[in-house]
Structure formats: structure tokens, C-alpha cells
Amino acid sequence: MPGTVPTRNQILTLGDLEDFKNDLIQDVRRIIKECTGGAPGKKWLKSAEVKKLLGISHGFLQSLRDSGVLPFTKIGGSIYYDYDDITFMMSTNKSA
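I will try to describe carefully the structure that is included in this document.

Thresholds applied
- Here, residues in each chain are numbered from 1, in the same order as that chain's written sequence.
- Where local features are concerned, this predicted model is filtered to residues with pLDDT of at least 70; where side-chain atom pairs are given and counted, the filter is 80 or more; whole-chain, interface and lining totals use all residues.
- In computing side-chain values, all of the structure's heavy atoms are included and hydrogens and water are not.
- Axis angles are defined between N-to-C directions and span 0 to 180 degrees, where every axis is a line fitted to C-alpha atoms and, for a helix, only to the segment in contact.
- Secondary structure follows DSSP: runs of H or I at least 4 residues long count as helices, runs of E at least 2 residues long count as strands, and numbering of each begins at the N terminus.
- In this scheme the crossing of two helices becomes right-handed for a clockwise turn of the near helix relative to the far one and left-handed for an anticlockwise turn of less than a right angle.
- In what follows, a contact means two residues having at least one pair of non-hydrogen atoms within 4.5 Å.
- For this classification, the nonpolar set comprises Ala, Val, Leu, Ile, Met, Phe, Trp, Tyr, Cys and Pro, the charged set comprises Asp, Glu, Lys and Arg, and every other residue, Gly included, is treated as polar.
- Per-residue accessibility, obtained with a 1.4 Å probe over protein chains only, is compared with the maximum for each type, and a residue is labelled buried under 20%, exposed over 50%, and partly exposed between these values.
- The arc in question is the one spanned by the directions pointing from the helix axis to the C-beta atoms.
- The residues that make up patches have over 30% relative accessible area and no salt bridge, and they are joined within 9 Å when like-charged or within 5 Å when they are Val, Leu, Ile, Met, Phe, Trp or Tyr.
- With residues, only the protein chains shown are counted as cover, and all accessible areas are computed by Shrake-Rupley using a 1.4 Å probe.
- Take a side-chain nitrogen of Lys or Arg and a carboxyl oxygen of Asp or Glu: if they are within 4 Å of each other, that pair is a salt bridge.
- In this analysis, strands are considered paired if DSSP registers two or more bridges between them.
- Roughly parallel means an angle under 35 degrees; roughly antiparallel means over 145; roughly perpendicular covers 65 to 115; every other angle is labelled oblique.

## Focus on the packing of helix 2 (residues 47-54) against helix 4 (residues 83-92)
Running from N to C, helix 2 and helix 4 point in directions that differ by 35°, and their axes come no closer than 12 Å. Pair helix 2 / helix 4 crosses with right-handed handedness. Side by side, helix 2 and helix 4 meet where V50, L53 and L54 of the first sit next to Y83, I86, M89 and M90 of the second. Here the contact of helix 2 with helix 4 is built from residues that sort into seven nonpolar, no polar and no charged.

Written out as C-alpha cells, the structure is:
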């Protein structure tokens, strides 16, 4: 019953529970999407995170850096990759 306030003694049907579940799942997905924007949660990723994200080896990641395909920033002994650069690389190297 849209617009009515349920009481403690009101009986719920399986359909009511199913509707509630679907609404809740949609709300959670919307909130997650708004918070992450599809990104892993941060702008800069370390090498280990990029290898895990792309499912590639250390050597292949090194070759992407060496060939200039994937830009990076080195600070001290750590190498960082911009998430936007990773998604750009993936979209520009997509085959039909």
C-alpha cells in the first residue's frame, strides 16, 4: 500500500519483502556508484594495485612504463599510476 505507514501488527507478504529487498539493493548500488564513480576508491595506485587490477605481471607493467604506454610518477622508491591514465590506456588500446 503506497503512502501508508505500516503498523507493528501489519502482515507483510512475500511480495512486500521482495519489493523491499529490490529497493534496498538499488539504493546500495546507487550509493556505491556515487561514492566510487566506478573507480577503485582513490586516484593514485601503486604498482601492486595496478597489477592486480589489470591481472598483469611485474614485467608487463614494466614494459608498459618503458614504452610510454602507461604514464607514471616515481616518488622515492614507489611508483604511482593515475587511475584516469589506466582507463585511458585501456580505452585507446581497445580492439573492435
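Now that the structure is up, let's keep going.
## A closer look at helix 3 (residues 58-66)
Taken together, the buried positions of helix 3 are occupied by L61, L64 and R65. Angularly, the buried residues of helix 3 cover 100° about the axis, an arc narrow enough to put them on a single face. Where helix 3 is buried, its residues contact helix 2, strand 3 (78-82) and helix 4. Just downstream of helix 3, G68 is the residue with a positive phi angle, here 80°.

## Some remarks on a nonpolar patch on the surface
Residues L12, L14 and L17 make up a contiguous nonpolar surface patch of about 340 Å² in total accessible area. Residue position: L12 is located in the segment before helix 1 (14-36).

## Quick word on the pairing of strand 3
By the bridge criterion, three bridges tie strand 1 (residues 44-46) to strand 3 in an arrangement that is antiparallel. Following the sheet pairing, L45 is matched in strand 3 by Y81. Between strand 2 (residues 73-75) and strand 3, which follow one another and run antiparallel, lie two residues, and G76 among them has a positive phi close to 65°.

## Considering the packing of helix 2 against helix 3
The relative placement of two packed helices is expressed as an angle between their axes plus a distance between the axes. Contact geometry for helix 2 and helix 3: axes closest at 10 Å, N-to-C directions at 105°. In terms of axis orientation, helix 2 runs roughly perpendicular to helix 3. Taken together, the residues of helix 3 that come into contact with helix 2 (itself represented by S47, V50 and K51) are H58, L61 and R65. The residue makeup of the contact of helix 2 with helix 3, split by class, is two nonpolar, two polar and two charged.

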